[in-house]
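# Understanding the architecture of this molecule
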Amino acid sequence: MMDQVRELLSASELDMRAALRLLAAAFCGAGTVVALVRRVISRRETEKKIQSARDRRARGLQRSQENVIRYKETHPNKDFAFILSLSLSELTEALQGGSLTPEDVFYAYMEKMLDVNRKTNCITEVVVESFDQLKSLDSYKDGLLYGVPVSIKENIAIKNYDCTCGVMKNLGQPLAADGLFVEVLKRQGAIPFVKTNVPQSLLNYECSNPIFGITLNPLNPKKTCGGSSGGEGALIAGGGSVLGIGTDIGGSIRIPAAFCGLCGLKPTSGRLSLQGTVSLYRGQKSLFASAGPMAKDVDSLALCMRALLSDHMFGLDPTVPPMPFNEQIYLSRSRLRIGYFESDGYSQPSPSMARAVREVKALLEQAGHTLVPYTHLNLHEAFPNLMVKSVVADGAFTLKKSLQGSPLDPTLRPQVAPYFLPLWLRSIIAFLLKPLFPRGASFLKASLGTGSVEALWRLHAENEDYIRDTIAQWRRSNIDVLLCPMIGPAYNHMYPGRLTSVLPYTCIFNLLNFPAGVVPVTTVTAEDEEELRHFKGYFQDRFDKLFKEAVSGGVGLPVAVQCVALPWQEELCLRFMKEVEQLVKQVKLNVPSKPGHHQECV
């Protein structure tokens, strides 16, 4: 009898276990189904939000097109081509003198913007309120930018519009007020009329995101326009804006300016207010961010700085030092003592980059300036251990969090994919890579972050020491300004996300917080392209190979140089940029320069 009972209990136990296994399997299956359903719903919601943003953009563009047509029908004799041919200085003079009306200028640029956007996809929003602002400009007629349409980078706040930074979490979150930049521009009579495209997360110099798509270079659609102020670069280079505002934390104004043949200025961080600029990494204090102007010539940058460095900005943001634009320094014709280098020693420049510096150096010497060789301090250590680590001091946690819920843009994926690995695995891979790929290993090691508050403070101290030591070296060299290469020419698409190795050329001046600007000085020649065939690079590693591929096929594209000054010396930086611009222009016009002779900068 007992044996029968045991058999029954054993059978019941087996049945129970089987039932539990079935139940567990059912729960697992249900969990998988629920997860899949949630993923599908999330994807559909994402697609719906993206489509809504694109539809809003399309409505704004359509309204702009209709308004342009109506204006041209009622003003058939307006010469839009003439208006678009004017420099910013000529345009403001005509507007303030009354020979042009704000309406004439606004609709000329609105029409051209529509054309450039069709070719490059550089616009994220038309600021439809600009049509109403146009009707109420009389009270700002004394403004330095009266009647000037100005384009604004997407991450700068304009009331009722998103600052997505290319990520989904910011989509459908319109700002409640204009950013300080926009408010000051309006007070000076400018009309912010469009917002321009950016790369996803703002940390790439290829201008593409899943919301608004990729922006092309108007000079060659096979090339990127650069980033992160890439939409600005494309629009201004295409002729659809006469003045734009970008931001820069590692080259984001200077790279698109160089790739698109423009001038751009990254001021000292703090010279202009950053209130109302949106960042995904707010609180990061080691690598200095700035906002600044982009245009086709240096005088336009100077005019914009005059307008922004106003009592209105100083009153709205008391943290900005009340330093109006110093005309005396900008107009100075004194000879300069100029440091220079053709290569930073970390990444071999392209043939056209190095040639641009050599040619400008020769022009400056002919004009009576003194050129002094200069070398960065220990850049091999400073780039990964100070610059890269500063951006991902938290182990890239903030970056990954900002990308949650967003499709990962293919242009950004190679750059951020390693950050999704666990810290311990990154550490192991970095150790194994070091003998074969030391630069890649150093980047991966830097992405581990600081790990503690104490280590973060130590990083801050090391950055401060590097700035102090660099200024000491600058003074030992007894130089006023610095001439150096600028990344270029414009890359083929899909390369910037794989090529962080060249960023010391620009990023170093964010770490140092030195004002830096770019001026286009030449174009890529067939000889440059032939020399590129023999390019090896200093390390002959994957980065060097990718760089050669990235800049290939660049004949005819612009090449710039970079002009740098010490902190708070924006006017001197601009004066140096103007000197370079004039000397290059004289060569193009076959006007010989005389030693010690400098044209008036006006």
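Scope of this entry: the structure provided in the associated data block. (Residues numbered from 1 in each chain as written. Predicted model: local features only at pLDDT ≥ 70, side-chain atom pairs only at ≥ 80, totals over all residues. Heavy atoms only, no water.)

### Observations regarding the pattern of salt bridges
- For the coordinates displayed, the defined rule picks out 22 salt bridges.
- With a shortest N-O distance of 2.8 Å, Lys186 and Asp178 are connected by a salt bridge.
- Judged by its relative accessible area of 27%, Lys186 falls in the partly exposed class.
- As a salt-bridge pair, Glu342 and Arg358 come within 3.3 Å of each other at their nearest N and O atoms. A residue pair is termed long-range when its members are at least 10 positions apart, and Glu342 in the loop between strand S11 (337-340) and helix H12 (351-366) and Arg358 in helix H12 qualify at 16 residues.
- Residue class for Arg358 comes out partly exposed when judged on its relative accessible area of 39%. (Salt bridge = Lys/Arg side-chain N within 4 Å of Asp/Glu carboxyl O. Buried < 20%, exposed > 50% of the residue type's maximum accessible area, 1.4 Å probe, protein only. Helix = DSSP H or I, 4+ residues; strand = E, 2+ residues; numbered from the N terminus.)

### Focus: the environment of His380
- Among the secondary structure elements, His380 is positioned in helix H13 (residues 379-391).
- His380 sits 201 residues away from Glu581 along the chain, and the two C-alpha atoms are 32 Å apart.
- Here His380 is in contact with Gly345, Tyr346 and Phe539, once residues within four sequence places are set aside.
- Of the polar contacts made by the side chain of His380, one reaches the backbone oxygen of Gly345; its length is 3.4 Å. (Contact = heavy atoms within 4.5 Å. Polar contact = N/O pair within 3.5 Å; in protein donor to acceptor, adjacent residues only side chain to side chain.)

### Examining the packing of H13 against helix H18 (residues 453-477)
- Running from amino to carboxyl end, H13 crosses H18 at an angle of 135 degrees, the nearest separation of the two axes being 11 Å. It follows that H13 is oblique to H18 by the angle criterion. By crossing handedness, the relation of H13 to H18 is classed as left-handed. In this structure, H13 uses Leu379, Ala382, Asn385, Leu386, Lys389 and Ser390 to contact H18, whose residues at the interface are Leu459, Glu462, Asn463 and Tyr466.
- Its residues placed into classes, the contact of H13 with H18 shows five nonpolar, three polar and two charged. (Axes fitted to C-alpha atoms, helices over the stretch in contact; angles between N-to-C directions. Parallel < 35°, antiparallel > 145°, perpendicular 65-115°, else oblique. Left-handed = near helix turned anticlockwise from the far one by under 90°. Nonpolar A, V, L, I, M, F, W, Y, C, P; charged D, E, K, R; others polar.)

### Quick notes on the packing of aromatic side chains
- Considering all chains together, one arrives at 17 aromatic pairs under this definition.
- For the pair Tyr205 and Tyr491, a centre-to-centre distance of 5.5 Å together with 65 degrees between the ring planes defines the contact as edge-to-face. Placement of the pair is Tyr205 in the loop between strand S3 (191-196) and strand S4 (208-209) and Tyr491 in the loop between strand S13 (481-485) and helix H19 (504-512), with a sequence separation of 286 residues.
- Plain terms: the ring middles of Phe383 and Phe443 are 5.3 Å apart, the flat faces sit at 85 degrees to each other, and that makes the pair edge-to-face. With Phe383 in helix H13 and Phe443 in helix H17 (residues 438-446), the pair connects residues that are 60 residues apart, well separated along the chain. In terms of burial, Phe383 and Phe443 fall into one category: buried.
- An aromatic cluster is present here, built from Tyr346, Phe383, Phe437, Phe443, Phe539 and Phe543 joined pairwise through their rings.
- Its end group placed over the ring of Tyr495, Arg498 keeps NZ or CZ at 4.6 Å from the ring centre. (Phe/Tyr/Trp six-rings, centres within 6.5 Å; stacked < 30°, edge-to-face > 60°. Lys NZ or Arg CZ within 6 Å of the ring centre and 35° of its normal.)

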